[in-house]
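Notes for the structure review
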Amino acid sequence: MSTSDFLPLGIDISKKKIDCALMLGTKFKNKVFANTPEGFAGLCAWIDQHAQGPVHVCMEATGIYWEAVAVHLANAGHRVSVINPALAKAHAQSLGLRSKTDAIDARALADYCQRRQPALWIAPSLSEQRLKALVLRLQGLVAMRAEEKNRTESARDSVRDSLDKHLQWLDDEIKRIEQQISQTLDDDPTLRGKRELLASIPGVGERTLAILLAYGLGSERFDKGRQFVAFAGLSVREHESGSSVRGKPRLSKVGHSRLRSALYMPSMVALYKTDWGRRYRDRLAGNGKPAKVIIGAMMRKLVHVAFGVLKSGRKFDPELHIACAG
């Protein structure tokens with residue numbers, strides 16, 4: 001069965017509901033389901049009724065609300081594509097859509113699916129799903145702790161005890177989640193092997209490597225390191241027009257902000273605490289690159305290095321990277 005034999009189905013997902021638009025020739029059939037297991041079952045029954053076979057589903061990678069329905073549809077035998085929200089927005093603009101509703105967004109996604117035939121999403125293993133859930137929880141707790149810590153600086157005495165108790169609870173919970181993450185990596189042979197490879201890279205600690213694996217580095221979803229770079233929003237965006245407009249290149253930031261944040265400190269450690277990182281920094285600085293550009297370059301470099309060790313199955317070789325950096 002060729003790709004053109006699958007009817008396109010666009011799904012716009014929110015916390016509580018999923019808006020669906022099944023493309024039937026030049027017309028659409030719309031339906032709304034709850035974003036729950038019962039809603040997923042109803043969606044599959046609706047697909048069987050109107051499509052009479054597998055469909056090609058297209059949805060956006062926004063937040064965490066899309067993952068459960070994506071896994072359900074993939075397990076049911078449907079083709080599933082998960083695209084960058086920036087692509088969906090650009091496609092809707094190209095269609096000249098003047099209104100924005102969940103139903104319209106679903107139709108635009110179905111149209112994108114029919115025209116572009118996006119690459120298929122590969123469902124993560126149960127261990128990978130568990131790892132990502134734990135990593136997201138850890139990131140939320142760390143962010144919450146930073147907010148509470150900031151509040152203590154100007155807190156009144158009447159609430160300081162409450163803040164101290166909450167900070168202690170957050171510290172304990174962060175340690176507990178970190179232990180669960182470590183256990184998850186230990187229990188799965190594939191994840192354990194990837195962990196050992198990533199841990200060989202100077203500057204990449206336990207928390208960083210868990211984040212990289214949770215977001216899919218080393219999975220079948222990414223064929224090249226630059227794809228993960230784009231996924232993290234670390235690609236360089238040029239801004240030039242004619243002979244007069246010469247904007248400074250900047251990070252696109254069209255990607256996961258928490259993933260970018262997780263790569264910042266490891267990049268700083270690599271730049272200032274490792275021989276290969278210092279040589280890389282000196283070379284870029286010698287070419288006139290400012291500090292922020294160098295940090296962004298190292299963040300991309302770390303992704304490529306991490307992708308390389310996972311792809312090759314060989315641990316980080318500092319001599320190789322010192323030679324390349326020089």
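Named according to an unreviewed UniProt entry, the chain is IS110 family transposase ISCro4 originating from Zestomonas carbonaria.

Okay, the pairing of strand 1 (residues 7-13) next. Within strand 1, six of the seven residues are buried, leaving the element largely enclosed by the surrounding structure. With five bridges joining them, strand 1 and strand 4 (residues 55-60) adopt parallel strand pairing. When the bridges of strand 4 are listed, L7 appears paired with V55. Bridging between strand 1 and strand 2 (residues 17-24) involves five bridges; their strand directions are antiparallel. Following the sheet pairing, I11 is matched in strand 2 by C20. Counting the residues that bridge the hairpin from strand 1 to strand 2 gives three residues.

Further remarks concern the pairing of strand 5 (residues 79-83). Buried residues dominate strand 5, accounting for five of its five residues. In this sheet, strand 5 lies alongside strand 4 in parallel orientation, the contact comprising five bridges. Of the residues in strand 5, the one forming a bridge with H56 is R79. Crossover connection from strand 4 via helix 2 (residues 67-75) to parallel strand 5: handedness right-handed.

Here is what the cut-offs are and how they apply
Residues numbered from 1 in each chain as written. Predicted model: local features only at pLDDT ≥ 70, side-chain atom pairs only at ≥ 80, totals over all residues. Heavy atoms only, no water. Buried < 20%, exposed > 50% of the residue type's maximum accessible area, 1.4 Å probe, protein only. Helix = DSSP H or I, 4+ residues; strand = E, 2+ residues; numbered from the N terminus. Pairing = 2+ DSSP bridges. Right-handed = clockwise from strand over helix to strand, strands pointing away.

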